[in-house]
Amino acid sequence: MPTLILLRHGQSRWNLEDRFTGWVDVDLTAEGEAQARLGGELIKAAGLQIDRAFTSVLTRAIRTCWLALTAADQVFIPETKDWRLNERHYGGLTGLNKTDTAARHGADQVKIWRRSYDVPPPPLEAGGEFDFAKDRRYAGAVLPNTESLKTTLERVQPYWEAAIAPHLAAGETLLVAAHGNSLRAIVKLLWNLSSEAIIDIEIPTGNPLVIELDAVLKPSSARYLDAGRAQALPA
């Protein structure tokens with residue numbers, strides 16, 4: 001039976017500082033490292049044998065993947081990194097404090113930028129501190145300067161279909177250690193959720209979401225391994 005494990009990275013330094021992070025490559029805090037290890041311990045306790053892992057090109061997701069696999073005694077498995085599993089690009093909000101931004105633009109406007117399905121933040125200006133165009137991780141790629149969840153899904157979906165889904169179709173068990181919005185994009189694809197329904201889906205950090213799939217890669221069951229921190233799953 002194909003099995004997919006979704007693991008959201010642990011707390012990062014900018015999570016702690018309440019800043020819009022997006023594609024900025026910040027590391028985990030000590031608490032984030034502990035959350036990643038706990039995710040791996042839960043995977044081990046559940047007896048899940050992972051065949052391969054996928055993650056983004058951002059340190060907080062990569063280290064979450066490594067720490068979880070180490071705790072699960074499965075660090076030897078193949079691992080693939082790709083920028084299309086990155087967090088949503090927060091455009092001109094990148095690096096800003098969330099509370100200060102709400103005070104400047106209004107809480108309602110910031111809520112729209114953060115939680116709406118298809119309204120992106122203002123674009124990131126070229127040539128600034130957080131311009132990723134010269135980062136060799138993205139060489140040859142056409143990069144966004146801002147993203148909504150909708151446009152995040154539009155770059156996750158082709159990668160899902162080309163790189164991840166074929167391994168699931170072969171019956172493998174996969175770990176995807178990534179970010180809140182790239183994982184929400186995968187959840188929307190799997191359950192075919194509406195743009196309204198996905199807004200209310202929030203994946204907790206460090207709590208593996210185990211999804212068993214049928215022959216056409218539709219969810220047949222899903223559960224969080226830490227039931228005490230479980231969030232509502234799609235119907």
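Cut-off values and rules
Residues numbered from 1 in each chain as written. Predicted model: local features only at pLDDT ≥ 70, side-chain atom pairs only at ≥ 80, totals over all residues. Heavy atoms only, no water. Helix = DSSP H or I, 4+ residues; strand = E, 2+ residues; numbered from the N terminus. Rg over C-alpha atoms; globule rule 2.2 N^0.38 Å. Buried < 20%, exposed > 50% of the residue type's maximum accessible area, 1.4 Å probe, protein only. Areas by Shrake-Rupley, 256 points an atom, 1.4 Å probe, with all protein chains shown as cover. Lys, Arg positive; Asp, Glu negative; His and termini not counted. Charge placed at Lys NZ, Arg CZ, Asp CG, Glu CD. Phe/Tyr/Trp six-rings, centres within 6.5 Å; stacked < 30°, edge-to-face > 60°. Pairing = 2+ DSSP bridges. Axes fitted to C-alpha atoms, helices over the stretch in contact; angles between N-to-C directions. Contact = heavy atoms within 4.5 Å.

1. Some details on the overall build of the protein
Step number 1: Across its full length, the protein carries seven helices and six strands.
Step number 2: Listing every helix and strand of the protein by position from the N terminus yields β-α-α-β-α-β-α-α-α-β-α-β-β.
Step number 3: The globule rule puts the C-alpha radius of gyration for 235 residues at 18 Å, and the 17 Å found for the protein is close to it.
Step number 4: Here the protein holds 235 residues, and 51% of them are scored as buried.
Step number 5: Within the structure as shown, the protein displays about 10600 Å² of accessible surface, and the carbon and sulfur contribution to it stands at 51%.
Step number 6: Across the protein, the 26 positively charged side chains and the 29 negatively charged ones have centroids separated by 1 Å.

2. Focus on the packing of aromatic side chains
Step number 1: Across all of its chains, the model carries eight aromatic pairs by this definition.
Step number 2: Plain terms: the ring middles of W14 and F130 are 5.9 Å apart, the flat faces sit at 90° to each other, and that makes the pair edge-to-face. Here W14 is found in helix 1 (residues 13–16), whereas its partner F130 is found in the loop between helix 5 (107–115) and helix 6 (149–169), with 116 residues between them in sequence.
Step number 3: Using a relative accessible area of 7% as the deciding quantity, one classes W14 as buried.
Step number 4: Between W23 and F132, the aromatic rings sit 5.8 Å apart at their centres with planes inclined by 45°, giving tilted as the arrangement. Of this pair, W23 sits in the loop between helix 1 and helix 2 (30–45) while F132 sits in the loop between helix 5 and helix 6, placing them 109 residues apart in sequence. Each member of the pair W23 and F132 is classed as buried.
Step number 5: Ring pairs connect the aromatic residues W23, W83, F132 and Y138, which therefore count as one cluster.

3. Observations concerning unusual backbone geometry
Step number 1: Although it is not a glycine, D73 adopts a positive phi angle of roughly 60°.
Step number 2: In this structure, D73 sits in the loop between helix 3 (59–71) and strand 3 (79–81).

4. Details of the sheet that holds strand 1 (residues 3–8)
Step number 1: The strand order across the open sheet formed by six strands is 3-2-4-1-5-6, and the pairing between neighbours is mixed. The open sheet is flanked by strand 3 and strand 6 (219–224), the only strands paired with a single partner. Each strand of the sheet is rotated relative to its neighbour by a mean of 20°, with strand direction disregarded.
Step number 2: Of the pairings in the sheet, the one linking strand 2 (residues 52–55) to strand 4 (residues 173–178) comprises four bridges and is parallel in character. Looking at the pairing, A53 lines up with L175 of strand 4.
Step number 3: Strands in contact with helix 7 (residues 180–191) are strand 1, strand 4, strand 5 (209–213) and strand 6; relative to strand 1, the strand with the most contacts, it is inclined by about 150°.

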